[in-house]
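# Commentary on secondary and tertiary structure
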Amino acid sequence: MAHLKVEMDPADLATGGLSIGSKLSTNLTAATLIEHAIRRGEGALAENGGLVVDTGKFTGRSPRDKFIVEEPSSQANIWWGPVNQTLSEESFDRLYRRMTGYLRDKGLYAQDLYGGADSRYSLPVRILTEYAWHSLFARQLLVRPDLLKRAEEQEGVRAGAQDGFTLLVAPGCRAVPAEDGTNSETFIVIHFGRRLVLIGGTEYAGEIKKSVFTLLNYLLPLRGIFPMHCSANIGRHSGDTALFFGLSGTGKTSLSADPNRKLIGDDEHGWSDDGVFNFEGGCYAKCIRLSEAAEPQIWSAIRFGTVLENVIMDPETRALDFNSAARTENTRAAYPVEFIPGARIPGLGGHPRNVLFLTADAFGVLPPISRLTSEQARFHFLSGYTAKIAGTERGLGNEPQATFSACFGQPFLPLAPTVYSKMIGQKLARHGATVWLVNTGWSGGPFGVGQRIAIAYTRAMVEAALEGKLEHVAYRTDPLFGLHVPERVPGVPSEILNPRETWADKAAYDRQARELARLFIENFEKYRADASPEVAAAAPRID
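Right, let's walk through the structure included here. (Residues numbered from 1 in each chain as written. Predicted model: local features only at pLDDT ≥ 70, side-chain atom pairs only at ≥ 80, totals over all residues. Heavy atoms only, no water.)

## Describing the environment of Gly 282
Considering the arrangement of structural elements, one finds Gly 282 in strand S17 (residues 282-286). Along the chain, Gly 282 and Ala 138 lie 144 residues apart, while their C-alpha atoms are 9.2 Å from each other. Leaving out residues up to four positions away in the same chain, Gly 282 has contacts with Gln 140, Leu 141, Asp 266, Tyr 335, Pro 336 and Val 337. (Helix = DSSP H or I, 4+ residues; strand = E, 2+ residues; numbered from the N terminus. Contact = heavy atoms within 4.5 Å.)

Rendered as structure tokens:
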């Protein structure tokens, strides 16, 4: 593994600055980690072999508890504000001492892994965890050294020399906000100068993978590589790569897991001058209401070696209830990408031919599929729109709520969104990819009135786009959003392609459409000063 250098006191990278000697268990296999987790009472095996764990009071990320240390090496680059909250170096040092003191007499698990399946750009990371199942999660989700070696052998490339990061993960270590400068007992803190990440006070393992993603979102643009919150797959030909951008619940994982195409990865990728590469070695699929009929590839991937977070299990039969949201709607399955039949190993692909922006429009306004110009693509990339509905998050009312997450991944952007928007514009212009906006949300009315678009129809529309079946059909232009909507898609009823025609009350549709357009325009105002006139002109028109 490439040498990792981290300035810490004491300077002992092998243990993240901890003096724990023989208590460090390094690079244990999945089977051994599962044995440790069960013996320590961290989880239990389900009837299908998955390891079922409970993440405690946190069943999702804690964005208010994430900080970046304000220090000379990165201070001028960071997009400071609500997404990237500042923490002083003094507060970091205090948290570091608190964490190392807490862990000093405990056994730790270490995994030496990578962020990035292309060894020319991969980031070495050492994950040090208090729990065995967190070590298993990291091993299954990130890139193992054997996968990176396989990529080097198949592609004939040499690894690039790059200093790595160390992540210390201690759920039992809690901050003291009044002393440490945090918002609560939970903390996720990145120090770019010392190449160190501290995660404490939360058992939710997703903080590990998203911390590595945040690191790559900072480091790679500085090297001219575009980091993306998207899934990716590839067709029968090497030049048939497709990217799927989308927020949680829009179908990013489900639509990219296509039995007729090879999965590159389900969540995070980079786009270099050589093509697309997976940041990870595994998948982190939502499994609420999972069924074998609707998502056979994900269903078959849940077996021995898979980590199941907060899925309800019968204590006697060990049967899983994927329909239950008793713990959370955000139930998850973490498994290596090779558990998906026919996955692309290693996770490399050529330059994408098609790029799909996924949105779950709960207002029932946007067409189920439309083609975007390059300017519209940059506008919708900056917007990152979807809609949340009651039941998916605490605190939501009965009405859908519009959500705009810049670049379809705002919580993980250390740099300003316009930096990433310019990068996608350059990539699209250079490689000529076609961009599609796909609405996996509602038709015939908003949530509570209309129906969610059948996944079979969405799959048919995606297949038509990827196979070039929409190149020669007629298109109409949406008068409000300016979207180019095909008038015919094989295997899809033509009447659902025009959302207005699916509403019984056309005047109600017009009102709802104008309101959504207004929200898009309002959200874009914060980017207008830095956006090009062409991108600004791609906004909806309500005059």
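## Remarks on the pairing of strand S6 (residues 108-115)
Two faces belong to every sheet, and in a regular strand the side chains alternate between them. Burial analysis of S6 places 8 of its 8 residues in the buried class, the great majority of the element. A two-sided burial pattern is seen for S6, the buried positions comprising Leu 108, Ala 110, Asp 112 and Tyr 114 on one face and Tyr 109, Gln 111, Leu 113 and Gly 115 on the other. Note: strand S1 (residues 24-26) against S6, 3 bridges, orientation parallel. Following the sheet pairing, Ser 25 is matched in S6 by Tyr 109. Two elements, S6 and strand S7 (residues 123-129), share 7 bridges in a ladder whose sense is antiparallel. Considered in S7, the bridge of Gln 111 is made with Ile 127. (Buried < 20%, exposed > 50% of the residue type's maximum accessible area, 1.4 Å probe, protein only. Pairing = 2+ DSSP bridges.)

## Points about the state of the cysteines
Joining two cysteines, a disulfide is a covalent bond between their sulfur atoms. Inspection of every chain in the model, using the stated rule, returns 0 disulfides. Cysteine Cys 407 remains unbridged, with the sulfur of Cys 230 as its closest cysteine sulfur at 12 Å. On the accessibility criterion, Cys 407 (4% relative accessible area) is buried. (Disulfide = S-S within 2.5 Å.)

## Let's talk about the sheet that holds S7
Taken in spatial order, the 8 strands line up as S1-S6-S7-S8-S10-S9-S4-S5 in an open sheet, and their pairing is mixed. If you trace the sheet from one side to the other, it starts and ends with S1 and strand S5 (85-87), each paired once. Put simply, the sheet's adjacent strands are angled 25° from each other on average, direction ignored. In the sheet, S7 pairs with strand S8 (residues 165-170) via 5 bridges, with the strands oriented parallel. Bridge pairing in S8 links Leu 128 to Leu 168. Contacting S6, S7 and S8, helix H3 (residues 132-141) crosses the sheet at an angle of about 15° to S6. (Axes fitted to C-alpha atoms, helices over the stretch in contact; angles between N-to-C directions.)

## Side note on the environment of Pro 227
Relative to the helices and strands, Pro 227 is located in strand S11 (residues 226-228). Exposure remark for Pro 227: the relative accessible area of 5% places this residue in the buried category. Taking the C-alpha atoms as reference points, Pro 227 and Trp 271, separated by 44 residues in sequence, lie 6.5 Å from one another. The contacts of Pro 227, once residues within four sequence positions are left out, are Leu 216, Asn 217, Pro 221, His 269, Gly 270, Phe 279 and Tyr 420.

## Notes on the side chain of Glu 71
The topology assignment puts Glu 71 in the loop between strand S4 (66-69) and S5. Buried Glu 71, no salt bridge; nearest opposite-charge side chain is Arg 195, N-O distance 8.9 Å. For Glu 71, the side chain forms a polar contact with the side chain of Ser 74, separated by 2.6 Å. Setting aside residues no more than four positions away along its own chain, Glu 71 makes contact with Glu 89, His 191, Phe 192 and Gly 193. (Lys, Arg positive; Asp, Glu negative; His and termini not counted. Salt bridge = Lys/Arg side-chain N within 4 Å of Asp/Glu carboxyl O. Polar contact = N/O pair within 3.5 Å; in protein donor to acceptor, adjacent residues only side chain to side chain.)

## What about the sheet that holds strand S18 (residues 307-309)?
Taking strand neighbours across the sheet as the criterion, the 5 strands line up as S2-S3-S18-S21-S17 in an open arrangement whose pairing is mixed. Single-partner strands in this sheet number two, and they are strand S2 (43-45) and S17. Sheet twist, expressed as the mean angle between neighbouring strand axes with direction ignored, is 25°. Note that S2 and strand S3 (residues 51-53) share 3 bridges and pair antiparallel. Bridging across to S3, Leu 45 finds its partner in Leu 51. Relative to the sheet, helix H1 (residues 30-39) contacts S2 and S3, its axis offset from that of S2 by approximately 120°.

## Structural notes on empty space enclosed by the protein
Throughout the structure, instances matching the rule amount to 3 cavities of 30 Å³ or more. Empty space within the largest cavity amounts to approximately 70 Å³. Ala 117, Val 143, Leu 147, Ile 264, Asn 278, Glu 280, Gly 281, Val 337, Arg 344, Ile 345, Pro 346 and Gly 347 together form the lining of the largest cavity. Of the residues belonging to the lining of the largest cavity, the class tally is 7 nonpolar, 3 polar and 2 charged. The volume enclosed by the second largest cavity comes to roughly 60 Å³. If you trace the second largest cavity, you find it lined by Phe 213, Asn 217, Phe 226, Pro 227, Met 228, His 229, Phe 381, Cys 407, Gly 409, Leu 413 and Tyr 420. Mapped by element, the contributors of at least two residues to the lining of the second largest cavity are helix H6 (206-219) and S11. With 3 residues, S11 is the largest single contributor of residues to the lining of the second largest cavity. For the lining of the second largest cavity, the residue count by class is 8 nonpolar, 3 polar and no charged. (1 Å grid on protein atoms, 1.4 Å probe; cavity = no way out; pocket = protein on both sides within 12 Å on 5 of 7 lines; lining within 4 Å. Points joined across faces, edges and corners; volume = space filled by probe spheres on them. Nonpolar A, V, L, I, M, F, W, Y, C, P; charged D, E, K, R; others polar.)

## Thoughts on helix H13 (residues 506-528)
Look at H13: 32 Å from first C-alpha to last across 23 residues, which is about the 33 Å you get at 1.5 Å a residue. Those residues of H13 not exposed but buried are Ala 508, Tyr 509, Gln 512, Ala 513, Leu 516, Ala 517, Leu 519, Phe 520, Asn 523, Phe 524 and Tyr 527. Looking at the buried side of H13, the elements it contacts are helix H9 (374-383), strand S25 (385-388), strand S26 (401-404), helix H10 (417-431), helix H12 (499-502) and helix H14 (533-536). With a side-chain oxygen positioned 3.2 Å from the backbone nitrogen of Ala 507, the residue opening H13 is Asp 505. (Expected span 1.5 Å × (residues − 1).)

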